[in-house]
Amino acid sequence: MNKKSQNTKSFLTQDFSINDIVQNPIFKKILDKLPYAIGIFDKDYNILFLNKNGYHFLGLSENKNLKMKCFEQFGKTSPCNDCSEAIFLKKAFLQQQTYLPETSQNIFTKSYFIYDSSEQLEYIINYIRFFKHDKSIFPQENLPANLELLLAERIEDLMASNQKLQSEVMERICIENELKESQIIFNSLIETIPEIVYLKDLNGKNLVSNKAFEKFVGLQKAEIIGKTDKELFPTSLAEIFVQSDNDIIKNKKSIHIIADFIDPAGNKKYLESIKTPILDLNNNVEGIVGLSRDITEQKIAEETLKISRNELAQTYDYIHNLMELSPIATLSLDSELMISTINQKALDVLGYVFDELIGVSFINLLVKPEKFVKGSSKPVILEFTTKEGTSLIANVSQSVINKTGMDERIVVTFQNISDLRGLFVDPLQEESLENEAAFEDFEDKYVKLDPGCIYFVDDTDTEDSYRMFSNMVKSGVPGLCITRQNPTRVRNTYSLLKTPFIWLTKNQSSDQPFIDSSELYKLQPTIYNFIDKVNLGVVFLDGLEYLSLDNDIKSVIKAIEEVNDSVMNSNSSMIIHINSLALDLKEFHLMTRWMKPVKCL
């Protein structure tokens, strides 16, 4: 054995004290090479020694004098409970995982307790290393019988290796640990992502999959790895994927696609995908990583929302057009009773221009605003103040539009009381027939009607209905004819010279009394004005279809109900010509439920 070997053996087998360790530069250099923090402490927890990583762990310069206790390196003011308990139980070592909130870091510590011959604590040796996952950093090992033997073994191992090789090995270990930790993180990440995750090589083979991928294709991971899209997806979807992969490889750019396909159950599905190339150091494509998710429910929701928006837009347009076409003063209020739109008729009645009322509170137009109750279905008489300061007494009605997805709207209509009085006609009678035989002949041409009743004639042809009414008035019954036909032609056809006529027309240039189809509200007061002046009179109405042009059928039925109320309280009667073919069955029955049928003789 040569001298060098003898020296080495002597060095390795001789006993070393703690003082020798902390002051020996060889030991210090060796311990500084270790990849974790090492600290040696006395029985009172005072720091005797720190290696290079120990100083870094505490954020101290290596030349600084150590005046710190063991537990203070963790930001505590007294020994750790676990450490004190281990010493009390004479344990050889203690390992812990600790979270440091000050640095937001996790550390792994392993403490060895050195006892003297009396089993009293003499020294503590700490190993500290940062970690990312809940796993042991250091292998389980039993502490040798004495500190000197442990250090001798470590020194022999380290001195036996070449310094350069040791550095490479340590670097390799660090890299492998980092790779293992990265792999754990990567696997955990892709497994918890709810979207489909995949990684492909240049041949289109899948190298990675997650639970979402397995669920989507109905296969296990082992059945997915190594297969191409054509082997995993429906043909139509696979072709889209392959084409997008080729585009990525060619252009070296990420791509975003939405593909629709038919699943095995025959349902249409939508899949959104984001793919990006994996480039090497030479900017060549090595593979493709991607993420896909089923957006079928989202697409259905979008289509539903689109339809809803279209319906809302149509509703707004309908309300706007209806207001503009309405001859009745109409305005729309928001939920705060602010005017959001108003038609020209209302502007004319109140004397304002459009911009002067938009955004203005409807309440400000009323003399007694407390009489307007939001949402009330009952008409109410309210007094308005016009722009000129004059008073306008009007009959006010409101309807609340509260459709899902649409802001609440209140549509208010109002009419000057003076416009609601209807038409006044003179109840002139046709001259009585002098020839008694002729009178009897006329009497045979109609059925005598009960007072206070409304009758209807259901026919496509109106001639018999007009002839029945003509015969009645020629027999001396006071009559009123409300007709859609030209009154002059009807007079000439049936020789009705004195019977008053009201023309259902928009022709305001005529010298005939008329009611516009939009003035449905005038029908009842006009009829009431007539039957209130006559005894045992008759009213004939032809033109319900015309009245439906500017009014929905329910409004027409409601108007006839109001007329029926007036007729029932009189000794007169009324005949209405109806063509049931122009109405559906339900509308026809609603219209005629209080009427009696009558046929012409």
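Peer 1: Quick rundown of the overall build of the chain? Include the residues and the values.
Peer 2: Broken down by element type, the chain carries 21 helices and 22 strands. The buried share of the chain, reckoned over its 601 residues, is 40%. Sequence-distant contacts in the chain: of pairs separated by 6 or more residues, those separated by 24 or more amount to 51%. Roughly 34,600 Å² of accessible area belongs to the chain as shown, and the carbon and sulfur atoms make up 51% of that amount.

Peer 1: Could you give an account of the packing of helix 18 (residues 523-531) against helix 20 (residues 553-568), naming the residues involved and the relevant values?
Peer 2: Viewed as axis vectors pointing N to C, helix 18 and helix 20 meet at an angle of 15°, and their least axial separation amounts to 9 Å. Here helix 18 is positioned roughly parallel relative to helix 20, judged by the angle of their axes. Taken as a pair, helix 18 and helix 20 cross one another with a handedness that is right-handed. Along the contact surface, helix 18 presents L523, Q524, I527, Y528 and I531, while helix 20 presents I560, E562, V563, S566 and V567. Looking at the contact of helix 18 with helix 20 residue by residue, the class counts come to 7 nonpolar, 2 polar and 1 charged.

Peer 1: Describe the environment of F49, with residues and values.
Peer 2: Counting through the fold element by element, F49 comes out in strand 2 (residues 47-50). For F49, a relative accessible area of 4% gives the class buried. Each C-alpha atom of the pair F49 and Q23 lies 8.9 Å from the other, and the pair is 26 residues apart in sequence.

Peer 1: Hey, could you go over empty space enclosed by the protein for me, with residue numbers and the actual values?
Peer 2: Counted by the stated rule, this structure contains 2 cavities of 30 Å³ or more. By volume, the second largest cavity amounts to about 50 Å³. Together, I454, I557, I560, E561, N564, L590, M591, W594 and M595 line the second largest cavity. Broken down by secondary-structure element, the contributors of at least two residues to the lining of the second largest cavity are helix 20 and helix 21 (585-592). Considering each element in turn, the lining of the second largest cavity owes the most residues, 4 residues, to helix 20.

Peer 1: Before we move on, can you summarise the nonpolar core with the specific residues and values?
Peer 2: General note: in soluble globular proteins, nonpolar side chains tend to be found buried as a group. Ranked by size, the top nonpolar core spans 33 residues in total, and within it I482, L544, M574, I576, I578 and M591 carry the most contacts. Top element by residues in this core is helix 20. It accounts for 7 residues. Setting aside anything within four residues of it in sequence, one finds M591 in contact with L544, I553, V556, I557, I560 and I578. Of all hydrophobic cores here, the second largest spans 22 residues; its members include L333, L337, A346 and V396.

Peer 1: With reference to specific residues and values, describe helix 17 (residues 487-494).
Peer 2: Those residues of helix 17 that fall on the buried side of the exposure criterion are P487, V490, R491 and Y494. The buried residues of helix 17 occupy an angular sector of 100° when projected down its axis, which confines them to one face. Buried residues in helix 17 make contact with helix 16 (463-474), strand 17 (479-483) and strand 18 (501-504). Positive backbone phi, at 55°, marks S495, one or two positions downstream of helix 17.

Peer 1: Give a description of the sheet that holds strand 12 (residues 339-342) that names residues and reports values.
Peer 2: Read across the sheet, 5 strands follow the order 12-11-15-14-13 without closing on themselves; strand pairing throughout is antiparallel. The outermost strands of the open sheet, each flanked by one partner alone, are strand 12 and strand 13 (380-385). Within this sheet the neighbouring strands show an average axis-to-axis angle of 35°, counted without direction. Pairing of strand 11 (residues 329-333) with strand 15 (residues 409-416), which is carried by 5 bridges, proceeds in the antiparallel orientation. Bridged to A329 within strand 15 is F414.

Peer 1: Break down helix 18 for me, with residues and values.
Peer 2: Burial within helix 18 is extensive, with 7 of its 9 residues counted as buried. Along helix 18, the positions that sit buried rather than exposed are L523, P525, T526, I527, N529, F530 and I531.

Peer 1: Can you tell me about the packing of aromatic side chains, naming the residues and giving the values?
Peer 2: Considering all chains together, one arrives at 12 aromatic pairs under this definition. Residues F216 and F261 carry aromatic rings whose centres are separated by 6.1 Å and whose planes lie at 70° to one another, so their mutual orientation is edge-to-face. Here F216, found in helix 8 (residues 211-217), pairs with F261, found in strand 8 (residues 255-262); they are 45 residues apart in sequence, far enough to count as distant. On the basis of relative accessible area, F261 is assigned to the buried category, the value being 6%. Three or more aromatic residues joined by ring pairs form one cluster here, namely Y198, F213, F216, F233, F241 and F261. Seen from the ring of Y546, R484 lies directly overhead, with NZ or CZ sitting 4.0 Å from the centre.

Peer 1: So what's going on with the pattern of salt bridges? Which residues, and what values?
Peer 2: Two side chains with opposite charge may pair up if their charged atoms get near one another. Summed over all chains, the structure comprises 10 salt bridges. Linking E463 and R467 is a salt bridge whose minimum nitrogen-to-oxygen distance equals 3.9 Å. Remark: R467 and E463 occur in helix 16; sequence separation between them is 4 residues, near one turn of the helix. Where D516 meets K506, a salt bridge forms, and the shortest distance between an N and an O atom there is 2.8 Å.

Peer 1: Can you tell me about the pairing of strand 14 (residues 391-401), naming the residues and giving the values?
Peer 2: Pairing of strand 13 with strand 14, which is carried by 6 bridges, proceeds in the antiparallel orientation. Among the inter-strand pairings, V380 is bridged to a residue of strand 14, identified as V396. Between the end of strand 13 and the start of strand 14, which pair antiparallel, lie 5 residues, with G389 showing a positive phi angle near 90°. Where strand 14 lies against strand 15, 8 bridges are found, and the strand directions are antiparallel. Note that in strand 15 the partner of A394 across the bridge is N416.

Peer 1: Could you give an account of the confidence of the model for the chain, with specific residues and numbers?
Peer 2: On average, residues of the chain score 79 in pLDDT, and 76% of them are at 70 or above. Throughout residues 1-14 the model reports pLDDT below 50, and contacts reaching past four residues in sequence, or to other chains, amount to 8 contacts. Note on residues 132-153: pLDDT under 50 across the span, and 44 contacts to partners over four residues away in sequence or across chains.

Peer 1: Got a sec to walk through the sheet that holds strand 10 (residues 285-294)? Specific residues and values, please.
Peer 2: Judged by pairing direction, the sheet is antiparallel, and its 5 strands sit side by side in the order 7-6-10-9-8 without closing on themselves. With one partner strand each, in any of the chains shown, strand 7 (206-208) and strand 8 form the two edges of the open sheet. Geometrically, the sheet is characterised by an average inter-axis angle of 35° between neighbouring strands, direction not taken into account.

Peer 1: I'd like a description of unusual backbone geometry, backed by residues and values.
Peer 2: In the Ramachandran plot, E119 falls in the positive-phi region, its phi being about 60° despite a non-glycine side chain. Within the chain, N283 stands out as a residue other than glycine whose phi angle is a positive 65°. For N283, a relative accessible area of 40% puts it in the partly exposed group.

Peer 1: Just give me the short version of the state of the cysteines, but keep the residues and values in it.
Peer 2: Counted under the stated rule, the structure contains 0 disulfides. Just so you know, C80 is unpaired, no disulfide at all, and the nearest cysteine sulfur is the one on C83, 6.2 Å from it. Classification of C80 as buried rests on a relative accessible area of 15%.

How each quantity is defined
- Residues numbered from 1 in each chain as written.
- Predicted model: local features only at pLDDT ≥ 70, side-chain atom pairs only at ≥ 80, totals over all residues.
- Heavy atoms only, no water.
- Helix = DSSP H or I, 4+ residues; strand = E, 2+ residues; numbered from the N terminus.
- Buried < 20%, exposed > 50% of the residue type's maximum accessible area, 1.4 Å probe, protein only.
- Contact = heavy atoms within 4.5 Å.
- Areas by Shrake-Rupley, 256 points an atom, 1.4 Å probe, with all protein chains shown as cover.
- Axes fitted to C-alpha atoms, helices over the stretch in contact; angles between N-to-C directions.
- Parallel < 35°, antiparallel > 145°, perpendicular 65-115°, else oblique.
- Left-handed = near helix turned anticlockwise from the far one by under 90°.
- Nonpolar A, V, L, I, M, F, W, Y, C, P; charged D, E, K, R; others polar.
- 1 Å grid on protein atoms, 1.4 Å probe; cavity = no way out; pocket = protein on both sides within 12 Å on 5 of 7 lines; lining within 4 Å.
- Points joined across faces, edges and corners; volume = space filled by probe spheres on them.
- Core = buried A, V, L, I, M, F, W, Y, C linked by side-chain atoms within 4.5 Å.
- Arc of directions from axis to C-beta.
- Pairing = 2+ DSSP bridges.
- Phe/Tyr/Trp six-rings, centres within 6.5 Å; stacked < 30°, edge-to-face > 60°.
- Lys NZ or Arg CZ within 6 Å of the ring centre and 35° of its normal.
- Salt bridge = Lys/Arg side-chain N within 4 Å of Asp/Glu carboxyl O.
- pLDDT = per-residue confidence, 0-100.
- Disulfide = S-S within 2.5 Å.

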